[in-house]
Amino acid sequence: MSEKQRQRVTRKNSTPLKVYCLPEEREMIESNAKQAGLSVACYLREVGQGYQVNGVMDYEYVRELVRVNGDLGRLGGLLKLWLTDDVRTAHFGTATILSLLGRIESTQEEMSQVLKSVVQPRARS
């Protein structure tokens, strides 16, 4: 076996591809790579081989989901107290409970919107 045959083939010792693009195209490619959490080279390699590139969840979205989930938990806890005739919720009337249910529904809708934005890649938004 010759030394060349023993040498392992890697990307670094392979011939690179050159792609000419306009500055706007470069910005878009770099932005898409960043949103996917990949280097530009890895992003282009994945796309070029026909793989669907999925973006990574943004910390901001995760934090928002945690906040909304906490809101739902607190609202559900208040509702549970009222349903068990707890002394602390004796002053809650029907209007208060209906308002609470409305807040739960709006919070669920807000959570649904955040989930859609996480599931759908930003590039398509």
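Our subject is the structure that appears above.
Description of the structure in this document. Note that this is a predicted model, so its numbers are computed, not measured.

This next bit is on the overall build of the protein. On a plain count of helices and strands, the protein comes out with five helices and zero strands. Starting at the N terminus and walking to the C terminus, you meet the elements of the protein as α-α-α-α-α. For the protein, buried positions account for 16% of its 125 residues. Counting contacts in the protein only where the partners sit at least 6 residues apart, residues at least 24 apart contribute 49% of the total. When the accessible surface of the protein is summed, it comes to about 10500 Å², and 55% of that surface belongs to carbon and sulfur atoms.

Running from N to C, helix α2 (residues 23-36) and helix α3 (residues 40-48) point in directions that differ by 90 degrees, and their axes come no closer than 9 Å. It follows that α2 is roughly perpendicular to α3 by the angle criterion. Here Ile 29, Glu 30, Asn 32, Ala 33 and Ala 36 of α2 lie close against α3, whose contacting residues are Val 40, Tyr 43 and Leu 44. Its residues placed into classes, the contact of α2 with α3 shows six nonpolar, one polar and one charged.

This part covers the side chain of Thr 107. Positionally, Thr 107 belongs in helix α5 (residues 94-119). Once you skip the residues sitting within four places of it in the chain, Thr 107 turns out to touch Val 68, Asp 71, Leu 72 and Leu 75.

Conventions used here
Residues numbered from 1 in each chain as written. Predicted model: local features only at pLDDT ≥ 70, side-chain atom pairs only at ≥ 80, totals over all residues. Heavy atoms only, no water. Helix = DSSP H or I, 4+ residues; strand = E, 2+ residues; numbered from the N terminus. Buried < 20%, exposed > 50% of the residue type's maximum accessible area, 1.4 Å probe, protein only. Contact = heavy atoms within 4.5 Å. Areas by Shrake-Rupley, 256 points an atom, 1.4 Å probe, with all protein chains shown as cover. Axes fitted to C-alpha atoms, helices over the stretch in contact; angles between N-to-C directions. Parallel < 35°, antiparallel > 145°, perpendicular 65-115°, else oblique. Nonpolar A, V, L, I, M, F, W, Y, C, P; charged D, E, K, R; others polar.

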